[in-house]
Every structure is written in C-alpha cells, then in structure tokens.
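Here is how the chains run, residue by residue.
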Amino acid sequence: MQRVVLHMDMDYFYAAIEERENPKLRGKAVVVCMLSGRNELSGSVSTCNYVAREFGIRSGMPCSRAKKLNPEAVFLPVRKEFYTSVSDRIMEILRSYADPGENGDSFEQISVDEAFLEISERTGGDFNLAFEIGMQIKREIKEKENLTCSVGIGPNKLIAKMASSAKKPDGMTVVNPQDLEAFLWPLKVSKLWGIGDVTARRLQEMGIFTVKDLAEHDVIGLISTFGKSRGTWLKQAAAGIDDSPLKERGGSEQIGRIATLPEDTLDKELISSLLERLAGDVIEKLDSRELSFRIVTVTVINSNFRMYTRSRTLTHPVSSKEVLLRVAREILGEFLSENRTEFRRVGVRVGGLQKSKGQKSLFDY
Ligand code: DCP
Ligand code: MG
Ligand code: MG
C-alpha cells in the first residue's frame, strides 16, 4: 500500500498563543523573548508573529536587535508551561487522526509545536483522502484552540516535513508521489530536512546548489566527501526517498521539585515531611496537565554538597500521590541507611509521562 505521512507545524506558535490571549495584540508586531534576567531585553527572541517578521525579526536573534528593527513591537516574556499545556491539547487532537498503530509507530511529536502522523491505513494510500484529513485537523485546531497551523502531506516523513513549511501560515501542501521531483528539485539543498549549514556549504563548494544538483551528483563523490552512510543518505534524500518509521517519544520530559531542608539533618520524619510537600506539588502539576508517570526519581544533596540520585520504574503509569510518596520514601530509606552525612536538600521528580486515562492508583489494576 502507498504510504501516507502527515506533518503539522503550528504557526508562530508562542506568539500566536499570546495574540489569542490578548486580542489587542492583533495587527501589531509581537515578539516573545527568552529573557536572561540580567536587564530588560537581554535575552534572545523565542519567536515572533508574521507582522514582526516583516521587519526582519527572527527566532534566535538578540531581543535588543529586534527592538532596533522595530521599536514599536510588543515584547513579551516566554510562558513555557502555558504554551506546553496548549501543545498537549493539540497533540491529543492530532493523535486521534493517526492510524491505530499498536507500537507507538503512528504518532511522533518532534517539538512543542509539531508532529508526524502515519495515515496510510486511514487513507488506504489515497492522497485526496489525506487532504481531507489535513483540512479536518486544521478545522478542529482552529475551533478548539483558535490557532492556525500548516500541514504537509507526503509519501514519507522527509517530504511531509518539507511540505508543511512550503506554505505558511495556515498552509496545506500535498505532495503526491508522482509530484516528488517537481516539488523537491527546484529547492536549495539547504532546504532539505537534515542538511545543516556545514553540509550545505560543503555541497556548495562541490557545485551542488539545488536538490536536483544533488540528485544528479555521483554517489561515489558524495560518499568520499561525507562518508558512506551520510553520502548515501544525501543521494536518497535528494530523490525524496525516506523509509524511516515514526517513533513515539518515550516522554523524556520530567516534572520535579527540589528544596532545602530547614536544617542539615538525617531525621527521617523531617526529610519525609519535606518530601511529602514536594510530591504534592509534583502531583498538582501532573493533575493540571492530566499526566501519569512511570518513573520516580529522588535526589539528595548532603551537607558536603555531594549529590545522590536514584530512580524506580513502575510497571504501569499512575497519577497517585500515595504511590509517588511510597516509592519516594522507599528510596529515601535506602539513602538514609547508606549515608551518614546529613542531608541538605531533597528533590523528587517523575518521568515516563503520558496522558492519564483516568486511573488513579496502582490498585485499580
Ligand atoms: N522556539 C524557540 N526558540 C527558537 C525556535 C523556536 O523558543 N530558536 C519556540 C518558539 C516557537 C516554537 O518553538 O513558537 C515553535 O518553533 P517553530 O520553529 O515551529 O516556529 P514558530 O511556530 O514560532 O513559527 P512558524 O510559523 O515558522 O512555524
Ligand atoms: Mg511552528
Ligand atoms: Mg516547529
């Protein structure tokens, strides 16, 4: 069956959320800044809306430079947690459009605002149906979150990813297998997903400027410059070939809290009560995002500032404070039995996060 992959990327994501939250910002240049805290505008630009982009403002540039480019722009500080909660809801919407896929191989979130969906089964390889699914996704995100996104559809991840950035904002680009070359070949090699500045420069030195140039280049020449695997990859990518599967991310994100004890101590009760408070905070955060955890990690820093960390992995994801506390106390007990130096700080964090399905504790199983 013909494979169909969809890639979605939100438009000017952080700035779009800020615009949505404050309609007075509409029409103005909005710049979201990662402030370093030293002084006003000492950080870098996280992102900006399309009005700001017309002034040449871009992600990554110093905020002070952005201010020079457009003194009238509205500068806002990053609210990462808030954006992440919006992102989580969008990802849930997207996930519902992906093939059923059992092994986490039909949905892959690759950043806070983008994801791949395998839709080969749902569409039966039909790109017109894929287009309809893309439109539905855009409609649902618009309705539920009042935000726009751009969608790319292609026979693999490489093409889907490049298609979604072909038309932005609020774009939709479908690249049929038979249109592959027409889509890819006129592009500059630097536009090929996976080619960075260094590779692009080296290719240019070899006289390779467009993807077509790359596709027509002798593979042996590429291999001798870039090595076997990279050389073959370049040749294949230029032909629009990519067999890589989707991989559900194992939730590398962690949520944790750490705090200093009222005094350096080895008193189990004292340490436990702080641990309980921290665990409560962690659970609150998890609840607000409807997440369960599978990994519990406890960290202690003793009065000599040595740090000890130990984790436990549960058999099922849970969201219960009781379970978190029980496991955290167990680890703490081990640390206490092995250590004679007083503890100064303790922390608890959870990982292996995923959306809760309602279960509250291990005992529900
Ligand atoms: N981001 C960041 N720092 C960067 C790049 C991005 O903090 N150097 C954050 C802010 C973006 C979000 O990640 O809103 C998503 O990144 P994108 O590259 O998808 O950029 P945008 O969504 O902002 O804009 P576009 O419409 O081009 O996708
Ligand atoms: Mg984006
Ligand atoms: Mg993105």
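Quick caveat, the model's predicted, so the values are computed rather than measured. (Residues numbered from 1 in each chain as written. Chains lettered and ligands numbered in written order. Predicted model: local features only at pLDDT ≥ 70, side-chain atom pairs only at ≥ 80, totals over all residues. Heavy atoms only, no water.)

**Observations concerning the confidence of the model for the protein chain**
The following threshold applies: pLDDT is a per-residue confidence score from the predictor, ranging from 0 to 100. Contacts between residues were defined by any pair of non-hydrogen atoms, one from each residue, lying within 4.5 Å.
Per-residue confidence for the protein chain averages 92 on the pLDDT scale, and 95% of its residues sit at or above 70. This model gives residues 359–365 a pLDDT under 50, and the stretch forms 18 contacts once residues within four places in sequence are excluded.

**Thoughts on the coordination of the magnesium ion (ligand 2)**
Metal coordination angles have textbook ideals: 109.5 degrees for a tetrahedral set of four donors and 90 or 180 degrees for an octahedral set of six. We count it as follows: The rule for donors is simple: an N, O or S atom within 2.8 Å of the metal counts, and for Na, K and Ca the reach is 3.2 Å. Water is not among the atoms, so a site may look short of donors. In short, tetrahedral needs four donors with all angles between 85 and 135 degrees, square planar needs four and octahedral six donors with opposite donors over 155 degrees apart and all other angles between 65 and 115, and whatever is left is irregular. Labels follow the DSSP assignment, with helices taken as runs of H or I lasting at least four residues and strands as runs of E lasting at least two, numbered in each case from the N terminus. The cut-offs for exposure are 20% and 50% of the maximum accessible area for each residue type, with area from a 1.4 Å probe on protein chains only; residues under the lower value are buried, those over the upper are exposed, and the others partly exposed.
Looking at the metal site, the magnesium ion (ligand 2) is ligated by D9 (OD), M10 (O) and D113 (OD), spaced 2.0 to 2.2 Å from it. The coordination sphere of the magnesium ion (ligand 2) comprises 6 donor atoms, whose angles at the metal cover 78 to 175°; the geometry is octahedral. Linear spacing of the donor residues for the magnesium ion (ligand 2) on their chain is D-M-x102-D. Separating the magnesium ion (ligand 2) from the magnesium ion (ligand 3) is a gap of 3.5 Å, which D9 spans by donating to each of them. Linking D9 in strand β1 (residues 5–10) with D113 in the loop between β5 (107–111) and β6 (114–118), this pair joins segments that are 104 residues apart in sequence. Each member of the pair D9 and D113 is classed as buried.

**Digging into the domain arrangement of the protein chain**
The condition is simple: Domains are outlined according to an automatic or database domain assignment. Throughout, the accessible surface (probe 1.4 Å) given up by two parts as they are put together, summed over both, is called the buried area.
In terms of domain boundaries, the protein chain breaks down into domain 1 (5–11 + 81–178), domain 2 (15–79), domain 3 (185–238) and domain 4 (255–355). The centre of domain 1, based on its C-alpha atoms, is set 27 Å off from the matching centre of domain 3. Facing 6 residues of domain 1, the contacting portion of domain 3 comprises 5 residues. Buried area between domain 1 and domain 3, both sides added, is near 460 Å², and the carbon and sulfur share of it is 90%. Three residues stand out in domain 1 for area buried against domain 3, namely L158, K161 and M162, and they jointly supply 85% of the buried area on that side.

**A closer look at the coordination of the magnesium ion (ligand 3)**
Protein coordination at the magnesium ion (ligand 3): the donors are D9 (OD), D113 (OD) and E114 (OE), at 2.1 to 2.3 Å from the metal. Sequence spacing among the residues donating to the magnesium ion (ligand 3) works out to D-x103-D-E.

**What about the packing of helix α1 (residues 13–21) against helix α4 (residues 80–95)?**
The following threshold applies: Axes here mean lines fitted to C-alpha atoms, for a helix over just the part in contact, with angles spanning 0 to 180 degrees between N-to-C directions. Put simply, angles under 35 degrees are roughly parallel, angles over 145 are roughly antiparallel, angles from 65 to 115 are roughly perpendicular, and the rest are oblique. When residues are sorted by character, Ala, Val, Leu, Ile, Met, Phe, Trp, Tyr, Cys and Pro go into the nonpolar class, Asp, Glu, Lys and Arg into the charged class, and all the rest, Gly among them, into the polar class.
In contact at an axis separation of 10 Å, α1 and α4 are set at 95° when each is read in the N-to-C sense. The angle between the axes of α1 and α4 places the two elements in the roughly perpendicular class. Residues F13, Y14, I17, E18, R20 and E21 of α1 pack against K80, F82, Y83, V86, S87, R89 and I90 of α4. Each residue belonging to the contact of α1 with α4 can be placed in one class, and the counts come to 7 nonpolar, 1 polar and 5 charged.

**Some words on the site of ligand 1**
Here is the rule: We define proximity as follows: a residue is near a molecule or strand when any one of its heavy atoms falls within 4 Å of that partner. Pairs of N or O atoms are called polar contacts if they sit within 3.5 Å, as long as, within protein, a hydrogen donor faces a hydrogen acceptor (for residues adjacent in sequence, only side-chain-to-side-chain pairs). Method for areas: the Shrake-Rupley scheme with a 1.4 Å probe, in which residue coverage is limited to the protein chains shown.
Contacts to ligand 1 come from 15 residues, most closely from Y12, S46, T47, Y50 and R53. At 2.8 Å from an oxygen atom of ligand 1 is found a side-chain nitrogen or oxygen belonging to D9. For ligand 1, whose free accessible area comes to 560 Å², the fraction covered by protein is 71%. Of all the secondary-structure elements, those providing two or more residues to the shell around ligand 1 are β1, α1, β3 (44–48) and α2 (50–53). Within the shell around ligand 1, the residues separate by chemical class into 7 nonpolar, 3 polar and 5 charged. Taken domain by domain, the makeup of the shell around ligand 1 includes at least three residues from each of domain 1 (5–11 + 81–178) and domain 2 (15–79).

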